[in-house]
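Summary of structural features
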Amino acid sequence: ESLGENVDLVLASPEDEVVGEIMALQAELGRVMEGNRERVSGLVAALVEQLPEERGKAEKEATEAKFVDGYVRAIKEAKRALKREKRAAEQKQALAAMEAAVATSTRQRRECAGGNPADCPSSPRVKEKAAGGGPAAQGGGPGPVPTDVLATRKPDEEALCAVCGGGHSVSPNQIVFCERCDIAVHQKCYGIGRVPEGEWLCWPCHVHEDRLLKLGKKPSQIRSPAWQRPSSPTQGRADTSAVDGLECALCPVRRGAFKQDAQRKWVHVTCAMWHSEVLLRDTDDLVAIYGTEKLREDKWKLTCQVCKVQGGAVVQCNYGHCQAAFHPLCGRRAG
């Protein structure tokens, strides 16, 4: 009777048990959704309250990170400044040696009154002669074979371009490092159009490894990863075996940034830049140097006043009456 009196309730009841179960589950889902909505609303409200505090923490961390970054940069700049001061002091010493060599040159003696060395009391050669003469008064003999000072570096030294000697590295003229000998060169100094993806090899190392590949050597036998190589205090983990045996066609200096001339001879890129008769093409090709055969004959006859070696082609100073002769890389080493 009670159901008969509640006609609306009877009409709203499900027709079978399946529909009834579905309606029960929908009701339960609605309750869960409502509970989740309340919890999410509470979390959002809590986050809104904490937002200013979190923002303050983030700003504080950013400020501290900026301070640390500035501190690290300041330390690096201070180290670079110390290195520059050290190089400047070394260059001053080398310059003093160069001036002493110029003072003993034949041109300097000819400019003395009557061409008599005794009329030039300030000349170190005359003073050494007056003190007893000997081999030192004649300027000494040739020293050991010189090496390009920028070809290798100690692990803590700043990387400088082996061509121009600069250390600034900014796109599109970044400093690129050879994966084998670790020589550093600017893109524009060495003719590298773009920074390659992955490994990059200078031309001597590239030619050396190609030759070993053609002989049947496996890549693992040709070059081990840098982290597996023994570290040296003077040149880090650089493997210079590919360049140690090379000789520049224009100077006796070993190692350095090489390319080949039209006769397939190895030439320092720096040497090619300093001789006006030689053309250095702006290309990434192996053969990029032309005109070495056009060098004046007198350039091959003079002795370098820095390394004391009579070999290769020298350049001469044009300042005033100075005619000091030196190889380009020797002059750079001397400052």
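Data block above holds the structure.
Residues numbered from 1 in each chain as written. Predicted model: local features only at pLDDT ≥ 70, side-chain atom pairs only at ≥ 80, totals over all residues. Heavy atoms only, no water.

Comments concerning the overall build of the chain
Secondary structure assignment for the chain yields ten helices and eight strands. Looking at the chain as a whole, 32% of its 335 residues qualify as buried. Long-range pairs, those at least 24 residues apart, make up 47% of the contacts in the chain with a sequence separation of at least 6. On the chain, roughly 21700 Å² of surface is accessible, and the fraction owed to carbon and sulfur atoms is 56%. (Helix = DSSP H or I, 4+ residues; strand = E, 2+ residues; numbered from the N terminus. Buried < 20%, exposed > 50% of the residue type's maximum accessible area, 1.4 Å probe, protein only. Contact = heavy atoms within 4.5 Å. Areas by Shrake-Rupley, 256 points an atom, 1.4 Å probe, with all protein chains shown as cover.)

Some details on a negative patch on the surface
Residues Glu15, Asp16, Glu17 and Glu21 make up a contiguous surface patch of negative charge. In this fold, glutamate 21 is placed in helix α3 (residues 17-103). (Patch = residues over 30% accessible without salt bridge, like charges linked within 9 Å, V, L, I, M, F, W, Y side chains within 5 Å. Salt bridge = Lys/Arg side-chain N within 4 Å of Asp/Glu carboxyl O. Lys, Arg positive; Asp, Glu negative; His and termini not counted. Charge placed at Lys NZ, Arg CZ, Asp CG, Glu CD.)

What about the packing of aromatic side chains?
Summed over all chains, the structure comprises two aromatic pairs. Where tyrosine 190 meets tryptophan 200, the ring centres are 5.8 Å apart and the plane angle is 85 degrees; that geometry is what we call edge-to-face. Here the residue tyrosine 190 occupies a position in helix α6 (residues 187-190), and tryptophan 200 occupies one in the loop between α6 and α7 (203-214), the gap between them amounting to ten residues. By the burial criterion, tyrosine 190 is buried, and tryptophan 200 matches it. Geometrically, the ring pair formed by phenylalanine 258 and tryptophan 266 is edge-to-face, given 6.4 Å between the ring centres and 85 degrees between the ring planes. With relative accessibility at 13%, the residue tryptophan 266 sits in the buried group. A cation over an aromatic ring shows up here: arginine 281 above the ring of tyrosine 290, its NZ or CZ 4.4 Å from the ring centre. (Phe/Tyr/Trp six-rings, centres within 6.5 Å; stacked < 30°, edge-to-face > 60°. Lys NZ or Arg CZ within 6 Å of the ring centre and 35° of its normal.)

Overview of the side chain of threonine 283
Along the chain, threonine 283 falls in the loop between β5 (279-280) and β6 (287-290). For threonine 283, the side chain forms a polar contact with the side chain of aspartate 285, separated by 3.1 Å. Not counting the four nearest positions on each side in its chain, threonine 283 is found in contact with Tyr190, Gly191, Lys259 and Ala288. (Polar contact = N/O pair within 3.5 Å; in protein donor to acceptor, adjacent residues only side chain to side chain.)

Topic: the sheet that holds strand β4 (residues 266-268)
Spatial ordering of the open sheet is given by β4-β3-β6-β5, a layout of four strands whose pairing is mixed. What marks the edges here is a single partner per strand, and that holds for β4 and β5. In the sheet, strand β3 (residues 258-261) pairs with β4 via three bridges, with the strands oriented antiparallel. What sits directly across from glutamine 260, in β4, is tryptophan 266. (Pairing = 2+ DSSP bridges.)

Quick word on the pairing of β6
In this sheet, β6 lies alongside β3 in parallel orientation, the contact comprising two bridges. The partner of aspartate 261 across the bridge, within β6, is isoleucine 289. Note that β5 and β6 share two bridges and pair antiparallel. Bridged to leucine 280 within β6 is isoleucine 289. Adjacent in sequence and paired antiparallel, β5 and β6 are bridged by six residues.

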